[in-house]
2 protein chains.
Amino acid sequence: MTRQELVDQIFAKRSFLCIGLDADMKKIPQHLHAADDPIFEFNRAIIDSTASYCVAYKPNLAFYEAHGVAGWVAFERTVQYLRENYPHHFIIADAKRGDIGNTSTMYARTFFEQMDLDALTVAPYMGEDSVTPFLAYEDKWVILLALTSNRGSHDFQLIEDGNGTPLYEHVIRRSQQWGTKENLMYVVGATQGPMFEKIRAIAPEHFLLVPGVGAQGGSLEEVCRYGMTEDCGLLVNSSRAIIYADDTPQFAMIAAQRAREVQQQMAVLLDNLQKHR
Amino acid sequence: MTRQELVDQIFAKRSFLCIGLDADMKKIPQHLHAADDPIFEFNRAIIDSTASYCVAYKPNLAFYEAHGVAGWVAFERTVQYLRENYPHHFIIADAKRGDIGNTSTMYARTFFEQMDLDALTVAPYMGEDSVTPFLAYEDKWVILLALTSNRGSHDFQLIEDGNGTPLYEHVIRRSQQWGTKENLMYVVGATQGPMFEKIRAIAPEHFLLVPGVGAQGGSLEEVCRYGMTEDCGLLVNSSRAIIYADDTPQFAMIAAQRAREVQQQMAVLLDNLQKHR
């Protein structure tokens, strides 16, 4: 998917919501456990009920790999189901990969050729040749970890060099030599609040994928105040707060209500943006 | 496997060789392509022929995931085959994972509970809570990326703070608050040569997993001169130079010859070490 297509989807649906498909057997409603492929059945129900309110889905590979082969089957079926039924949704594999060049090339083939995903999250630690194999695909995206939402983000990402430039800023600056706003986004956690202003100073137009709204405590308004650009420039992810809002047979309907609530907040924020354009 | 058991294996077999099982269909001998599970058949032949010469095997997950579900089946079969037939070999999943705490917990379950691997490579970028879930398992290991063997390692790992301390050194120092030499190793590329001396100053006893000897150009002697400790403290990995040394039906025999050549170099290095103990 191109950047323009993504922006068009956001304004057409008045939503920049990404829903995290983190299928955890411990949280999936009990009545689904008897199904042949409970994770896929859960995902399908969540997707069908929430697709109108979001522009992107983000399965986190860890939750699938935790189930070994059965998990990979569920992951592939989920991606295929999305591609066939919701071709305008942006699909992100939250895999946080990153390895030496020839290995990253293998991952790129898996996710972009075999599975036709739109984007992959990548860890920057190993540098340029671990990232660029993913950037070789037209209309496919790398979403590079910059400033994450977890507590441990402070351990290394904020270490400053002799000029006071933190590591995450090095990541954002350097990587702009490898990719463009058309194929590169950054992960910036919602819990990082005012940091968004500093990030917009060095990446004024790149899309940011923002986890941490909801369960992890980040505020949607704060993220938008500092992080929104004139064509939105944000994909805000919510996983647990939507998909596990309920564990009865009505779970999909309740998830849809939650997604719609977020979408309505987003519509107001987008309307305000357009008024000021 | 405990640290002492690993050290005992190294001195008993006079080898600190780790063989990377990077099963690439483009390089696997043609006559195996007709098998039901060519990757597993290739791995089994390589393992049976080389097991006497190495103490560890390291399948790189990327090469398996590149084949989707079939790849995961081959990976699981390979690990199971090793566990059943070679219980004294140390098995490393080269996965370079690292995610927020609850996701790392999922990965830890996959690799340490379901699959009973000994160790997992982990990327440090997300900090403490992305690493510690893996350290909660007795006799299981985290192998943390510190200074990698690829060109891109220079992009971020060598960035120095105001005191001249590079990022990789922060990673090694900080992580010693999370784990010990009994459950934590570091990846240090063989291509980093004299850097081993600096690393031994801050991690005098931790095992180092060293990729990059062979295909990537690192020297075994140089690595040992600077990196070896009195109980060895090194696992040196070789993948392509051994497993793809030949692509005829004799491939396993040729791989064994290559592994034996490396083992014999290692035996000399270990003998020298013991003379000086």
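Here the structure is shown first, and the text comes after it.
Residues numbered from 1 in each chain as written. Chains lettered and ligands numbered in written order. Predicted model: local features only at pLDDT ≥ 70, side-chain atom pairs only at ≥ 80, totals over all residues. Heavy atoms only, no water.

(A) Quick peek at the packing of aromatic side chains. All names here are of chain B. Counted under the stated rule, the structure contains 23 aromatic pairs over all chains. Each ring, one from phenylalanine 42 and one from tyrosine 244, has its centre 5.6 Å from the other, and the planes form 15°; the classification is stacked. You can see phenylalanine 42 sitting in helix 2 (residues 38-50) and its partner tyrosine 244 sitting in the loop between helix 11 (240-243) and helix 12 (251-275), a full 202 residues away along the chain. Here phenylalanine 42 and tyrosine 244 have matching classes, each one buried. (Phe/Tyr/Trp six-rings, centres within 6.5 Å; stacked < 30°, edge-to-face > 60°. Helix = DSSP H or I, 4+ residues; strand = E, 2+ residues; numbered from the N terminus. Buried < 20%, exposed > 50% of the residue type's maximum accessible area, 1.4 Å probe, protein only.)

(B) Up close: the interface of chain B and chain A. On the side of chain A, 56 residues touch chain B, which itself brings 56 residues to the contact. Roughly 5100 Å² is buried in total at the junction of chain B and chain A, and carbon and sulfur atoms are behind 59% of that figure. Seen at the junction of chain B and chain A, the total is six salt bridges. Counting residues per element, the ones that place at least two in the side of chain B that touches chain A are helix 3 (61-65), helix 4 (68-85), strand 3 (90-97), helix 5 (101-114), helix 6 (128-135), strand 5 (141-147), helix 7 (153-156) and helix 8 (167-175) of chain B. Tallying contributions element by element places helix 5 of chain B first for the side of chain B that touches chain A, with seven residues. Residues that form the side of chain B that touches chain A fall into these classes: 22 nonpolar, 18 polar and 16 charged. (Contact = heavy atoms within 4.5 Å. Buried area = accessible area lost by both parts, 1.4 Å probe. Salt bridge = Lys/Arg side-chain N within 4 Å of Asp/Glu carboxyl O. Nonpolar A, V, L, I, M, F, W, Y, C, P; charged D, E, K, R; others polar.)

(C) Structural view of the packing of helix 2 of chain B against helix 4 of chain B. Residues and elements named next belong to chain B. Look at helix 2 against helix 4: their axes get within 9 Å of each other, and the N-to-C directions meet at 25°. On the basis of the axis angle, helix 2 is roughly parallel to helix 4. Crossing of helix 2 over helix 4 shows right-handed handedness. Residues Ile39, Phe40, Asn43, Arg44, Ile47 and Asp48 of helix 2 touch helix 4, and the partners they reach there are Ala74, Arg77, Thr78, Tyr81 and Leu82. Residues belonging to the contact of helix 2 with helix 4 are distributed by class as follows: six nonpolar, two polar and three charged. (Axes fitted to C-alpha atoms, helices over the stretch in contact; angles between N-to-C directions. Parallel < 35°, antiparallel > 145°, perpendicular 65-115°, else oblique. Left-handed = near helix turned anticlockwise from the far one by under 90°.)

(D) Local environment of the pairing of strand 3 (residues 90-97) of chain A. All names here are of chain A. When you tally the buried positions in strand 3, you get eight out of eight residues, the bulk of the element. Here strand 3 shows two buried faces, one formed by Phe90, Ile92, Asp94 and Lys96 and the other by Ile91, Ala93, Ala95 and Arg97. Sheet topology note: the strand 2 (residues 56-59)/strand 3 ladder contains two bridges and is parallel. Within strand 3, the residue paired with alanine 56 across the bridge is phenylalanine 90. Bridge count between strand 3 and strand 4 (residues 119-122): three bridges; the pairing is parallel. From the neighbouring strand, alanine 93 faces strand 4, where its bridge partner is leucine 120. At this point the chain moves from strand 3, through helix 5 (residues 101-114), to the parallel strand 4, and the crossover so formed is right-handed. (Pairing = 2+ DSSP bridges. Right-handed = clockwise from strand over helix to strand, strands pointing away.)

(E) Main features of the nonpolar core. Membership of the largest hydrophobic core comes to 218 residues, with the highest contact counts inside it found for Phe16 and Phe111 of chain A together with Phe16 and Phe111 of chain B. Excluding its chain neighbours within four sequence positions, the residues that come into contact with phenylalanine 16 of chain A are Ile10, Val55, Leu220, Cys224, Met228, Cys232, Leu234, Leu235, Val236, Met266, Leu269 and Leu270 of chain A. (Core = buried A, V, L, I, M, F, W, Y, C linked by side-chain atoms within 4.5 Å.)

Geometric descriptors of this kind do not, in isolation, establish any biological role.
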